[in-house]
Each structure stands twice: as structure tokens, then as C-alpha cells.
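What the coordinates show
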Amino acid sequence: MKNYSIAIVGAGPAGYFAAQALQNLQTDDLKFQIDMIEKLPTPWGLVRSGVAPDHPKIKTVSKVFEKIATSEGFQLFCNVELGKDIKTEELTEIYDAVVIATGSDKGKKLGIPGENLRGSLSAAEFVPWYNAHPDYVNVDVPLDTDTAIVIGAGNVAMDVGRMLALEPKVLDPTDTATHALEKLHESKIRTVHLFGRRGPEHAAFTAPELRELPKLEHTDVEIGECDIEDAIKRAEALGEVPKDVRSNLDAMMSVAKTPKAGHERNLNFHFLASPIEIKGKDRVEEVVFAVNKIENGKVFQTDDRYSVKAGLIISAIGYESEPIPGVPYENGKVVNSEGRVANSNIYVVGWAKRGPSGVIGTNKSDAASVMDHLKADLRTPKNNEGITKLLKDRGVIHISQSNWEALNSAEVSAGTQSGKPRIKFTDRKEMLGFAG
Ligand code: NAP
């Protein structure tokens, strides 16, 4: 019987699916001790701090994570930061293999003048702010303006636009961060404009998310019918329209055709416009856009300009991974070949491997294929004792699975009293206390 010990760094979907893949590879002769290390006091990664609070169904995948975590041979080490509490070289020495599953949490920048003004922020700050990430509680989100602009035509932009445009009472029975919910209730925003730089046929939204938009009870969603008709013509002129593009265009057309109820709150989709400057004295006041056009499927910027007055602009144009000391890094990702990091016993899964693409479920097959490589590369087991003693000697307080279960129950019972699935704690000390 061979017993291998594997460290997985990052307790998000990619990390849990890597653990699940390893568990599935076990036989009577092959066992894995899996130690999952996470810098936050809580696990679940984007399921906790990324998924929009009005999408509770997506979060039910956490039940799968808890099943993985309570299987034999799994240990959780939350509140332990790689690079601070423990070094990559130490993990590669102790464990038979190290799996990096740290995701991408740095928002890409627009790189235009005025981007540093107050009222200009990235979805990489706004999303964890409304999701109670302990490091983003104090993000300055000025909502004292009637108009907000969201840049990007992906699902994150849609989440951000929806969160700004919906009636906040819809969020009362959700796990939205308490500090964010209070501010959203006071928000003066009534109009949200979302801008894609290419056409509707190029949008990165997915159809199920688009199809939900007309169900917003207190918000009118505007998509120009002509924009979609033009996009369909352009897409068809290039040959057979791919299934996902067709389905997206159909969903956008259905939103466009939905009668508007005349709500005060509205979310408006615009295409073929790139922000080129953010204007304002002390904070965002206006955004200047360049008009783009499409010729033979290619997008060009024209000399036409227009501006939109707004006090808030949030860019949702993709993410990059933070470099990890001791792990090769390039173009916002860990340098890897099919998840293998050259000349090491390091592997990478999820967004840190392939960039910020795909839905939560995408990580399942992705992690499974990398764990097949890991298994194929295994040699003589190291039979090491893991990191518990090392952390104790360093005075690092880690949150184990049972500590997390205590913290989780405390959040859930705090929520039950207010008719919410949970109230997320944000203060690290308080979290350690509840974790026991
Ligand atoms: P994304 O899907 O890659 O979309 C990024 C958007 O930003 C694209 O429209 C892109 O336009 C645009 N963009 C990039 N650079 C730009 C620039 N300089 N100026 C203007 N626009 C720019 O990324 P995401 O929205 O961050 O989502 C990441 C992943 O998470 C995606 O796979 C997404 O589906 C997933 N996700 C899923 C859900 C869900 O299932 N409910 C929710 C949230 C996120 P171009 O196409 O022109 O580059």
C-alpha cells in the first residue's frame, strides 16, 4: 500500500475538485492524505466571495465541497497563508506533490486616464465587498450618484450591473454582506449602463444568466432590438453561427422584446463602445467612449466619441493571478504544461492554471485531468508528517475542518434569526473566536 501526502493550496472550487479527483483515484493499494491550505479563515473561495448573493442555487455546490472535506484523509488548514506562514519550498519538501489552486483575484485595469479617481473601481474589489470578504470590507463604493457604468460584457459585469440595479429589498433574504446591504439600501443609483467593446455576437455572457434578466421584479432591462438584429446579420454573414452565440443572441433578443414596466430602476446594455477617459475633479463625473465598428468580423475604433455622466464606474474586464513566490508566473497565470509546473512536484488547477474562464463546474474535469498527471508522476512516498507541528511551532493558528464547521454553524444560526441563509462574519478575530 502506498500513502502519498498532497498539499492543495486554495480552498475554492478548483482546490476541492482537485481533492475530489484524488479521492476518486484511490484504490486499496493507493491512498492520499490531502491537506488543503487556505489564507482566509473560511473555505469555498469564489462560492463564498464571488458568486452573487441573489444566485443561491449556484452556492449549493458547497455541499459537495463539505462531502469531500469530511471524507477520510482530508484536513483543512484555513488562516494559513502561503509565502507568509509557510513557504512554497517547505511544502514541496514535505509533500509528495503540491497543487496550486489559488485562482485569480487581481482585477485587470482599463489603463485609461482617470482610472484612479474616487468612484472608479474594479469588480475585483466590488464583488468581494458585497460578499463580505474580510479584506474588502472597507472598499470605498460611492453609491450617492444616480448613474453607474459597468465595463465588460461577461458574467461578472452582468452580476455587478444587476447588483447595482436591483431593488435592494430583494437582497434582504440573502447572504449579502451586512455593510454592503446597508449601503445598497441607501443607494441613489437608478440607472446602470453596461458597455461591451465588441458586438452582442462577441459577448461573453452566458444564456442562462441573460434569460434571468427579465425576471427582475423592480428593474427594467434594456437591450436594443436593432443591436441584436445587426449582430445576428453580422454573425450569419460569417457562416454557421456557433450554438452558444446563437443561444446568447436569442436570449438577448428575448430581453430586448420584453415589455418594459416603467420602473424607476433600469439596466441598459450598450455595445461597440470602449471607455477612453474617465473625467472628474475629485471623483468620477463622466466617462468618454470611443465608438467601435465591425468590418468582416473585426472590430475597429472609430473617431466618433460620446460621453456619459456617471458618479461610479466599475470595470469587470477579467482577472489575473497574483504571483506566488517560488512558482513560475507569466501573463497572469502560473507557467504550466497541462497543469504540470516544470522541474518540480508542483501542479496547478483552475484559474491560476488556465486564466479566469469557465463556470464552477469547468474546474471538475480540468482538475481531474491534472490529478491524472500527478498520479502518473508519483514515485516513492515521502511519508512525512504534514504541517501541523510546523505551524504550531510558528504560532500560526489554523482553522481546521471542525473549527470551520463551528464557524459555519454560527453564521447559519445568525442568519436564521433574520431569515437569511447566513450572516457572514468579516472580522478575522471574531471568526477565530466562533471557530473555537
Ligand atoms: P469574461 O467572461 O472573460 O468577460 C470579460 C469581458 O471584459 C469581455 O466582454 C471582454 O471583452 C471585456 N474586456 C476585456 N478587456 C477589456 C477592455 N480593456 N475594455 C473593455 N472591455 C474589456 O470574464 P468575467 O466576466 O470576469 O468572468 C470570468 C469567468 O467567470 C467567465 O468564465 C464567466 O462566465 C464566469 N462567471 C460565471 C458566472 C455564472 O455562471 N453565473 C458568474 C460570474 C462569472 P472582449 O471579449 O472584447 O475581450
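Description of the structure in this document.

Turning next to the nonpolar core. In this structure, Phe126, Leu164, Phe205, Leu213, Met252 and Phe269 are the most contacted members of the largest nonpolar core, which totals 59 residues. Here this core takes seven residues from helix α11 (residues 243-257), the largest share from any one element. Those residues within four positions of Met252 in sequence are excluded, and the remaining contacts are Pro200, Ala203, Phe205, Leu210, Ile223, Ile228 and Phe271. Of all hydrophobic cores here, the second largest spans 45 residues; its members include Ala97, Met371, Trp404 and Phe425.

Neighbouring residues of the ligand: 22 residues in total, closest Ala153, Asn155, Arg197, Arg198 and Gly358. Within the backbone of Ala153, a nitrogen or oxygen atom sits 3.0 Å from an oxygen atom of the ligand. When the ligand sits alone it has 920 Å² of accessible area, and the protein chains cover 79% of it. The leading source of residues in the shell around the ligand is helix α7 (residues 155-165), at three residues.

A word on the pattern of salt bridges. A complete count under the given rule lists 22 salt bridges for this structure. We note a salt bridge from Arg48 to Glu411, for which the minimum N-O separation is 2.8 Å. With Arg48 in helix α2 (residues 46-49) and Glu411 in helix α15 (residues 401-416), the pair connects residues that are 363 residues apart, well separated along the chain. Across the pair, exposure class does not vary: Arg48 and Glu411 are buried alike. Among the salt bridges present, the one from Arg118 reaches Asp140, with a minimum N-O distance of 2.5 Å. Separated by 22 residues along the polypeptide, Arg118 in the loop between β5 (106-107) and β6 (120-122) and Asp140 in the loop between α6 (123-130) and β7 (147-151) bring together distant segments of the chain.

Regarding helix α16 (residues 428-435), its N-cap is Asp427, as a side-chain oxygen of that residue lies 3.1 Å from the backbone nitrogen of Lys429 further along. Two residues or fewer after α16 comes Gly436, characterised by a positive phi angle close to 80 degrees.

Here we take up the packing of α6 against α7. Two elements in contact, α6 and α7, have axes separated by 11 Å at closest approach and are oriented at 55 degrees. Regarding the angle of α6 to α7, the classification is oblique. The two elements α6 and α7 meet at a crossing, and its hand is left-handed. Facing Ala123, Phe126, Val127 and Tyr130 of α6, the residues of α7 in contact are Val156, Asp159, Val160, Met163 and Leu164. Classifying every residue of the contact of α6 with α7 by side-chain character gives eight nonpolar, no polar and one charged.

What follows covers the pairing of strand β2 (residues 30-38). In terms of residue burial, β2 counts as a mostly covered element, since seven of its nine residues are buried. Direction of pairing for strand β1 (residues 2-9) relative to β2: parallel, over a ladder of eight bridges. In the sheet register, Tyr4 faces β2, and the bridge partner there is Phe32. What joins β1 to β2 is helix α1 (residues 13-25), and the crossover it makes is right-handed. Bridge count between β2 and strand β3 (residues 74-78): five bridges; the pairing is parallel. Bridging from a neighbouring strand, Met36 pairs with Leu76 of β3.

Before going further, it helps to examine unusual backbone geometry. The phi dihedral of Asn331 is positive, around 50 degrees, even though this residue is not glycine. Backbone geometry at Asn343 places phi at a positive 55 degrees, although glycine is not the residue there. Relative to the elements of secondary structure, Asn343 occurs in the loop between β17 (333-334) and β18 (346-348).

Conventions adopted
- Residues numbered from 1 in each chain as written.
- Predicted model: local features only at pLDDT ≥ 70, side-chain atom pairs only at ≥ 80, totals over all residues.
- Heavy atoms only, no water.
- Core = buried A, V, L, I, M, F, W, Y, C linked by side-chain atoms within 4.5 Å.
- Buried < 20%, exposed > 50% of the residue type's maximum accessible area, 1.4 Å probe, protein only.
- Helix = DSSP H or I, 4+ residues; strand = E, 2+ residues; numbered from the N terminus.
- Contact = heavy atoms within 4.5 Å.
- Near = heavy atom within 4 Å.
- Polar contact = N/O pair within 3.5 Å; in protein donor to acceptor, adjacent residues only side chain to side chain.
- Areas by Shrake-Rupley, 256 points an atom, 1.4 Å probe, with all protein chains shown as cover.
- Salt bridge = Lys/Arg side-chain N within 4 Å of Asp/Glu carboxyl O.
- Axes fitted to C-alpha atoms, helices over the stretch in contact; angles between N-to-C directions.
- Parallel < 35°, antiparallel > 145°, perpendicular 65-115°, else oblique.
- Left-handed = near helix turned anticlockwise from the far one by under 90°.
- Nonpolar A, V, L, I, M, F, W, Y, C, P; charged D, E, K, R; others polar.
- Pairing = 2+ DSSP bridges.
- Right-handed = clockwise from strand over helix to strand, strands pointing away.

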